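Analysis of the macromolecular model
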Amino acid sequence: MRRFHSSCHRAWTPGLALLGLVWGLLWATGCREPERPSERGDWKGRTLRIGTDATYPPFESVRDGELAGFDIELGALIAEELGAKVAWTNTSFDGVFPALMAGKFDLVMSAVTMTPERQQRLGFSDPYYTAGQTVAARAGDARITGLESLRGKVAGIQLNTTAALVLKQYPDVEVRQYPSIDLALQDLLNGNLDGVVGDAPTLHYFITHGFQGLRTTGGLLTEEHYGIVSKPEDTALREAVNGALRRLRESGRFAALEEKYFGEAARRAPVEPTGVPWGRVARRLAQGLALTLGLTALSLLAGLPLGLVVALGRRVRMRPLAWLCAAYVEALRGTPLLVQIIFIYYALPQLLGVDLAPMLAAVLALTLNSAAYVAEIFRAGIASVDPGQSEAARALGMSPAQAMRHVILPQAVRNVLPPLTNEGIALLKDSSLVSIIGMAELTRAGQELASQLAAPLAIWPAVAVFYLLATLPLTRLASALERRLQRQR
Amino acid sequence: MSLVEVRNLHKRFGTLEVLRGVDLTVEPGEVVVFVGPSGCGKSTLLRCLCGLEMPSEGEVVVGGVPVRDEPKALQALHRRVGMVFQRFLLFPHLSVLDNVTLAPRKVLGLPDAEAEALGRRMLELVHLGEKAGAWPEQLSGGQQQRVAIARALAMKPEVMLFDEPTSALDPELVGEVLEVMRELAREGMTMCVVTHEMGFAEDVAHRVLFMDAGKVVEEGAPQQVLREPKHPRTREFLARLLRR
Ligand SMILES: Nc1ncnc2c1ncn2[C@@H]1O[C@H](COP(=O)(O)OP(=O)(O)OP(=O)(O)O)[C@@H](O)[C@H]1O
Ligand SMILES: [Mg+2]
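Quick look at the structure, then. In this convention, every chain numbers its residues from 1, walking through the sequence in written order. Chains and ligands are labelled sequentially in the order written, the chains with letters from A and the ligands with numbers from 1. Confidence filtering applies because this is a predicted model: local features only for residues at pLDDT of at least 70, side-chain atom pairs given and counted only at 80 or more, and all residues used for totals across whole chains, interfaces and linings. Computation of side-chain values covers all heavy atoms of the structure but excludes hydrogens and water.

This part covers the overall build of chain A. Along its length, chain A carries 18 helices and 15 strands. Three exposure classes are used, based on accessible area relative to the maximum for each residue type with a 1.4 Å probe and protein chains only: buried under 20%, partly exposed in between, and exposed over 50%. Expressed as a percentage of the 489 residues in chain A, the buried residues total 54%. Of the contacts formed within chain A by residues at least 6 apart in sequence, a portion of 77% connects residues at least 24 apart. A total of about 21,100 Å² of accessible surface is found on chain A, and carbon and sulfur atoms cover 60% of it. Secondary structure elements are taken from DSSP: a helix is a run of H or I of four residues or more, a strand is a run of E of two residues or more, and numbering for both begins at the N terminus. By definition, residues are in contact when any of their heavy atoms lie within 4.5 Å. All accessible areas in this document rest on Shrake-Rupley with a 1.4 Å probe, and a residue is counted as covered only by the protein chains that are shown.

Attention shifts here to the overall build of chain B. The helix and strand inventory of chain B stands at 9 helices and 10 strands. With respect to the principal axes defined by its C-alpha atoms, chain B has extents near 55 × 40 × 35 Å. Within chain B, the proportion of its 244 residues that are buried is 57%. When contacts within chain B are restricted to residue pairs at least 6 apart in sequence, those whose partners lie at least 24 apart make up 65%. All tallies of charge rest on Lys and Arg as positive and Asp and Glu as negative; His and the ends of each chain are not included. Working definition for charges: the position is that of NZ of Lys, CZ of Arg, CG of Asp or CD of Glu. For chain B, the separation between the mean place of its 30 positive charges and that of its 34 negative charges on side chains is 3 Å.

Right, let's talk about the site of ligand 1 for a bit. All names here are of chain B. The rule for a residue being near a molecule or strand is that one of its heavy atoms must lie within 4 Å of it. All residues in the neighbourhood of ligand 1 are listed as Phe 13, Leu 16, Val 18, Ser 38, Gly 39, Cys 40, Gly 41, Lys 42, Ser 43, Thr 44 and Glu 164. Within the contact set of ligand 1, an oxygen atom lies 2.6 Å away from a side-chain nitrogen or oxygen of Ser 38. Two N or O atoms form a polar contact when they lie within 3.5 Å of each other; inside protein one atom must be a possible hydrogen donor and the other a possible acceptor, and for residues adjacent in sequence the pair counts only when both atoms belong to side chains. Within the side chain of Thr 44, one N or O atom sits 2.5 Å away from an oxygen atom of ligand 1. Across the complex, the protein chains shield 58% of the 640 Å² of accessible surface that ligand 1 would expose by itself. No other element matches the 3 residues that helix α1 (residues 42–49) contributes to the shell around ligand 1. Any residue that is not Ala, Val, Leu, Ile, Met, Phe, Trp, Tyr, Cys, Pro, Asp, Glu, Lys or Arg is counted as polar, Gly included; the first ten are nonpolar and the last four charged. Classifying every residue of the shell around ligand 1 by side-chain character gives 4 nonpolar, 5 polar and 2 charged.

Turning to the layout of surface pockets, a few remarks are in order. Think of a ball as big as a water molecule: rolled over the atoms, this probe shows where empty space is left. Residues and elements named next belong to chain A. Grid points spaced at 1 Å and placed over the protein atoms alone form the basis of the search, with a cavity being a set where a 1.4 Å probe fits but cannot get out and a pocket an open set showing protein on both sides within 12 Å along at least five of seven lines. Lining residues have an atom within 4 Å of a point. Grid points are joined across faces, edges and corners, and a volume is the space filled by probe spheres set on the points. The space that makes up the largest pocket amounts to roughly 880 Å³. As for the largest pocket, its lining consists of 27 residues, of which Arg 315, Arg 317, Arg 394, Pro 400 and Ala 401 are closest to the centre. When residues in the lining of the largest pocket are grouped by element, the largest group, 5 residues, is from helix α16 (residues 400–430).

Attention now goes to the interface of chain B and chain A. Interface size is often expressed as the accessible area that is lost when the parts come together. Taken together, the 23 residues of chain B in the interface contact 20 residues of chain A. Put simply, buried area is the surface a 1.4 Å probe can reach on two separate parts but cannot reach once they are joined, added for both. Contact between chain B and chain A buries roughly 2,100 Å² in total, counting both sides, with carbon and sulfur atoms accounting for 59%. Note on definitions: salt bridges are taken to be side-chain nitrogens of Lys or Arg within 4 Å of carboxyl oxygens of Asp or Glu. Taken together, the links from chain B to chain A amount to 2 salt bridges. Linking Arg47(B) and Glu391(A) is a salt bridge whose minimum nitrogen-to-oxygen distance equals 2.6 Å. At the boundary of chain B with chain A, the tally comes to 6 residue pairs in polar contact (both at pLDDT 80 or more). Looking at the side of chain B that touches chain A, the elements with two or more residues in it are α2 (71–80), β6 (81–84), α3 (96–106) and α5 (141–153) of chain B. Each residue belonging to the side of chain B that touches chain A can be placed in one class, and the counts come to 14 nonpolar, 3 polar and 6 charged.

It is worth spelling out the pattern of salt bridges at this point. What the rule picks out here adds up to 37 salt bridges over all chains. Between Arg143(A) and Asp194(A) there is a salt bridge, with its nearest N and O atoms 3.2 Å apart. Residue Arg143(A) is located in the loop between β9 (133–138) and β10 (154–158), and its partner Asp194(A) is located in the loop between α6 (181–189) and β12 (195–199); the two are separated by 51 residues in the primary sequence. For the salt bridge of Glu17(B) with Arg12(B), the shortest nitrogen-to-oxygen distance reads 3.2 Å. Taking the relative accessible area as the measure of exposure, Glu17(B) reaches 24% and is therefore partly exposed. Take Arg12(B): its relative accessible area is 33%, and that puts it in the partly exposed class. Via salt bridges that share partners, Asp53(A), Arg284(A), Arg444(A) and Glu448(A) belong to a single interconnected network.

Residue and element names in this part refer to chain A. Two strands pair under a simple rule: DSSP has to find at least two bridges between them. As summarised here, the arrangement of the 3 strands in space is β2-β3-β4, forming an open sheet in which the pairing is antiparallel. Two strands bound the open sheet, and with one partner strand each, they are β2 (55–56) and β4 (66–68). Where β2 lies against strand β3 (residues 60–63), 2 bridges are found, and the strand directions are antiparallel. Bridge assignment links Thr 55 to a residue of β3, and that residue is Ser 61.

All names here are of chain B. For Gln 144, the location among the structural elements is in helix α5. The buried category is assigned to Gln 144, whose relative accessible area is 16%. Considering only alpha carbons, one finds Gln 144 and Val 177, 33 residues apart in sequence, at a separation of 9.6 Å. With residues up to four places along the chain from it excluded, the contact list for Gln 144 reads Phe 88, Leu 90, Pro 136 and Leu 139. Within the structure, the side chain of Gln 144 is placed 3.2 Å from the backbone oxygen of Leu 139, a separation counted as a polar contact.

The next thing to look at is the packing of aromatic side chains. Working definition: an aromatic ring pair is given by the centre-to-centre distance plus the angle between the planes. Any Phe, Tyr or Trp ring, taking Trp's six-membered ring, that has another such ring centre within 6.5 Å forms a pair; planes under 30 degrees apart are called stacked, those over 60 apart edge-to-face, and the others tilted. Considering all chains together, one arrives at 18 aromatic pairs over all chains under this definition. Summarising the aromatic geometry, the rings of Tyr261(A) and Phe262(A) are spaced 6.2 Å apart at their centres and angled 45° between planes, so their arrangement reads as tilted. Residue classification places Phe262(A) among the buried positions, given a relative accessible area of 18%. Ring geometry for Phe210(B) against Phe237(B): centres 5.4 Å apart, planes inclined by 45°, an arrangement best described as tilted. Highlighted residues: Phe210(B) in strand β9 (residues 207–212) and Phe237(B) in helix α9 (residues 232–243), separated in sequence by 27 residues. A relative accessible area of 0% places Phe210(B) in the buried class.

Throughout this description, disulfide means a covalent bond between two cysteine sulfur atoms. Any pair of cysteine sulfurs within 2.5 Å is marked as a disulfide. Per the counting criterion, the structure on display carries 0 disulfides over all chains. Cys40(B) carries a free sulfur, and the closest cysteine sulfur to it, the one in Cys48(B), is 13 Å from it.

Another point: the packing of helix α12 (residues 319–333) of chain A against helix α14 (residues 358–383) of chain A. Residues and elements named next belong to chain A. Here an angle of 0 to 180 degrees is reported between the N-to-C directions of two axes, which are lines fitted to C-alpha atoms, with helices fitted over the stretch in contact. At a minimum axis separation of 9 Å, α12 and α14 run at an interaxial angle of 120°. Looking at the two axes, α12 sits oblique to α14. The element α12 and its partner α14 pack so that their crossing is left-handed. On the side of α12, the interface is formed by Tyr 328, Val 329, Leu 332 and Arg 333, while α14 contributes Leu 368, Asn 369, Ala 371, Ala 372, Tyr 373, Ala 375 and Glu 376. Looking at the contact of α12 with α14 residue by residue, the classes come out as 8 nonpolar, 1 polar and 2 charged. For classification purposes, an angle smaller than 35 degrees is called roughly parallel, one larger than 145 roughly antiparallel, one from 65 to 115 roughly perpendicular, and anything else oblique. Each crossing is labelled by how the near helix is turned from the far one, with a counterclockwise turn of less than a right angle marking it left-handed and a clockwise turn marking it right-handed.

All right, on to the sheet that holds strand β10 (residues 215–220) of chain B then. Residues and elements named next belong to chain B. Ordered by their spatial adjacency, 6 strands build an open sheet running β6-β7-β8-β3-β9-β10, and the pairing between neighbours is mixed. Among the strands making up the open sheet, the edge pair consists of β6 and β10. With direction set aside, neighbouring strand axes in the sheet form an average angle of 20°. In this structure, β6 lies alongside strand β7 (residues 159–163), joined through 4 bridges in parallel fashion. Along β7, the bridge assignment pairs Gly 82 with Met 160. Lying over the sheet, α5 contacts β6 and β7, oriented at roughly 170° with respect to β6. The sheet contacts of α9 involve β3 (31–35), β9 and β10, and relative to β9 the element is tilted by about 95°.

Scanning the model with the defined rule gives 3 cavities of 30 Å³ or more in all. The space that makes up the second largest cavity amounts to roughly 50 Å³. Every residue lining the second largest cavity is listed: Ala392(A), Ala395(A), Leu396(A), Gly82(B), Met83(B), Phe85(B), Ala148(B), Arg151(B) and Ala152(B). Elements represented by at least two residues in the lining of the second largest cavity include exactly α15 (387–395) of chain A together with β6 and α5 of chain B. Per-element tally for the lining of the second largest cavity: the top contributor is α5(B), with 3 residues. Residue composition of the lining of the second largest cavity, by class: 7 nonpolar, 1 polar and 1 charged.

Structural measurements only, silent on function.
Right under this line is the structure:
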């Protein structure tokens, strides 16, 4: 596949080096947001904007179309303490910190573990939750009693999470990494792993909600702290948040919230009836599909004429213009779409001082990207028309532009229909990358459902079916169109 | 003044010199036939006459106007010179009638109704009035070439160039195309024709030019050049042609 994206979660992966690059850019330009209310520490009557990645129950997930979880309720309590309103942005974990740095929101509450590395770049509140790693195993597998018992066996973890640090001390445990914890648990259930090491509350949530064949093995292996993240220079907001946390602890409301999510009652609570609520899932996926289709259609609609202009621009006699068009194609084909999306949404506003809404940034990025591919398709289509055709047109007195418009392009269109359809299908699938700027399109909807329902095995095939629902008619349409044009000649 | 005047025309493609000093005049109403071995530069000469190639050296003057590499001047030249190609080169995405009317509509700006009437007249001229609504691919080669002739005629050119118009055709289809060209000549059209159809040359041409290696080696009345050639290269070429 020409565009590749590895989704990752809760962690810095090598793939995120590019985000570091964007960060560097933001620092280098020395851009500072205009003074925000947070710097005055007074939030009364204002809106506290918080980013989160709602695929991590019980801390944050999407339930019945609404954000729910420990972090979500805590965020609401903090806002209440500050006298502020709260506005959530649900975005992928990959994108949540760049968005914070770009001033898209004020705080990140997303079960963020405080690590020395992160503390160097981000501002953390006082810790508000103590988590730890534990081991999950199959219910019937009595051999696994904890970390020691995994020696000489195979353990799964989520990519680059703190579990990796724990397992470093056990070199005789074979470690397999997964992009998300539900996939690791699924592989454990399938018998390919002996255990999974991960955050205890999350493992517990998944086991009670979708993986009944698994169990956790008692004690916590580590002590880790979650913190609320702000920009490093945003000290006033950080103090306001710490003050709110303190008051919530003193009033007992914090303890009540902890009890609700992690207390004995929560542990003992009857497990929700299992089985996937298909009606709700289908509705949510249909919404995601609608957004995917809308994004793709808008981007294609704008990318087709733009691509045609670029393709024609490469043929004009004016050298600088032709060169510019060629450079455009090379730049957009030679860089990953993910980088382009991140650049347009996070970096461009800082460089130009314009703020793009996520939808606009998404359409812009997909349009600019697809236009480059469309331009190449048109170029090849034009080149494949018999050069004699253009000579015949010129010999009749047509200008080069008239020959292009009336003789060459109509014939090129036939040649470009199949590759254009492929581009449309590729774009439809690649549009999943805009989830990094918080667009809840089909893939993102699938991620949220899979984690919330703890049912990746049911959700991902359903997501595939929804993609097929969109791509199959597209290929059909294209071949019908081709047949009709074929008949016409 | 002559309609076409070519003086000391040289044409080079890189280091390859295809035309090495051609002089030629064509009078209004004259039919000139070019013969010569493959690669001697016949097509290149015609392409220089209609402005598809620019002279490397020397001059091409059509109707008193020298050919220049300038878009507007070139388009004007294209309009006065009609070209018929060996491979027909009809526009496959347009109907037969639209093939004929496209240039009159777009280049001359004729209104649709007028262009259509013109197109139908031109198709009658090549005896294809009933094929106006057909697609090029539904026609035989001979019919396609006649449409190509009608297409060129629709621009009311002052001179028509034919580059081996029948050599891509099955033998039984050659006659219908030559017949149309005969009629054109009879009407007084000025024509430059590259062909190996010796019967046509003898009947229709006012003058035959024999070309070899980028030069006109011999020229004269058809009877003289084709029956009593003076130049050894001409004799050799005709002998080979007749033996075939
Ligand atoms: N655009 C071009 N670039 C390079 N060489 C060319 C080009 N056009 C023609 N030539 C060369 O010029 C020479 C003369 O070609 P031309 O087509 O004029 O010959 P011709 O007399 O028409 O031959 P034929 O009877 O085979 O059609 C050939 O060697 C050909 O390869
Ligand atoms: Mg030739």
